[in-house]
Amino acid sequence: AQFAAVHWTPHFVRENYQGDWSALPLRAPAGETHPIRMIFSSPTERNYVDTQFLERAPALRRVLARFDCHLRSVRLMRLGPGSLIREHRDHDLDAELGLARLHVPVTSGEGVEFRLNGRPVEMEPGSVWYLRLADPHCAENRGDAERVHIVIDAEVNDWLLETLRAGISDARAG
């Protein structure tokens, strides 16, 4: 809520969505100032730094400090009411290939649906999700409130692999 509308950048792949899908960079490539390049997660860029937005958000800094792995791109991503993200794949986002995209829902509401491989994935605010986004996925916000996620592109290390394995074990036990 502390970030003004002018701080959010519309997603740059217009054919992948309809409505309002925008991002606010929390970690961006070092030295980058162009808003679109600040929200783009390049698979070859490795030198990411905190942005002025993260510096103004101590609660978000505390969330990110819990991840014991190298964080590349981190951004808030907002899907406005009545908006949709068309089905697509992010081919370079697969933990088996060394880069995992993690979602931390911040706000959501009735009418928000995320689908992976055609199946709904219910992500509660405050939870953390690894989704293999090299697979087909889409989202729709049929509600009247914004959906905001912290989206983290993290380098896979032993800590993250163990965390992912523990999450799979917990899911199977539940």
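The coordinates are above.
On a predicted model such as this, the values are computed, not experimentally measured, just so you know.

### Focus on the layout of surface pockets
Its boundaries defined by the atoms lining it, the largest pocket holds a volume of some 880 Å³. Along its surface, the largest pocket is lined by 28 residues, and L102, V128, W129, Y130 and L164 are the ones closest to its centre. Among the elements of the structure, β7 (99-107), β10 (129-130) and α4 (158-173) are those that each provide at least two residues to the lining of the largest pocket. Top element by residues in the lining of the largest pocket is α4. It accounts for nine residues. A volume near 400 Å³ is recorded for the second largest pocket. Along the walls of the second largest pocket sit 27 residues, with H11, R75, H88, D90 and R101 positioned nearest its centre. A breakdown of the residues in the lining of the second largest pocket according to their chemical character gives 15 nonpolar, six polar and six charged.

### Observations regarding the packing of aromatic side chains
Enumeration according to the criterion identifies four aromatic pairs in this entry. Centroid distance F12 to F40: 5.5 Å. Interplanar angle 75°. Geometry classified as edge-to-face. In this pair, F12 sits in the loop between β1 (9-10) and β2 (17-18) while F40 sits in the loop between α1 (35-39) and β4 (48-50), placing the two residues 28 residues apart along the sequence. Under the relative-accessibility criterion, F12 is labelled partly exposed at 32%. Here F40 falls in the partly exposed class, since its relative accessible area comes to 36%. Seen in terms of ring centroids, F67 and W159 are 6.3 Å apart; in terms of plane orientation they differ by 85°. Their pairing is edge-to-face. Of the two residues, F67 sits in the loop between α3 (58-65) and β5 (71-79) while W159 sits in helix α4, which places them 92 residues apart along the sequence. By relative accessible area, which is 11% here, F67 ends up buried.

Cut-offs used in this document
- Residues numbered from 1 in each chain as written.
- Predicted model: local features only at pLDDT ≥ 70, side-chain atom pairs only at ≥ 80, totals over all residues.
- Heavy atoms only, no water.
- 1 Å grid on protein atoms, 1.4 Å probe; cavity = no way out; pocket = protein on both sides within 12 Å on 5 of 7 lines; lining within 4 Å.
- Points joined across faces, edges and corners; volume = space filled by probe spheres on them.
- Helix = DSSP H or I, 4+ residues; strand = E, 2+ residues; numbered from the N terminus.
- Nonpolar A, V, L, I, M, F, W, Y, C, P; charged D, E, K, R; others polar.
- Phe/Tyr/Trp six-rings, centres within 6.5 Å; stacked < 30°, edge-to-face > 60°.
- Buried < 20%, exposed > 50% of the residue type's maximum accessible area, 1.4 Å probe, protein only.

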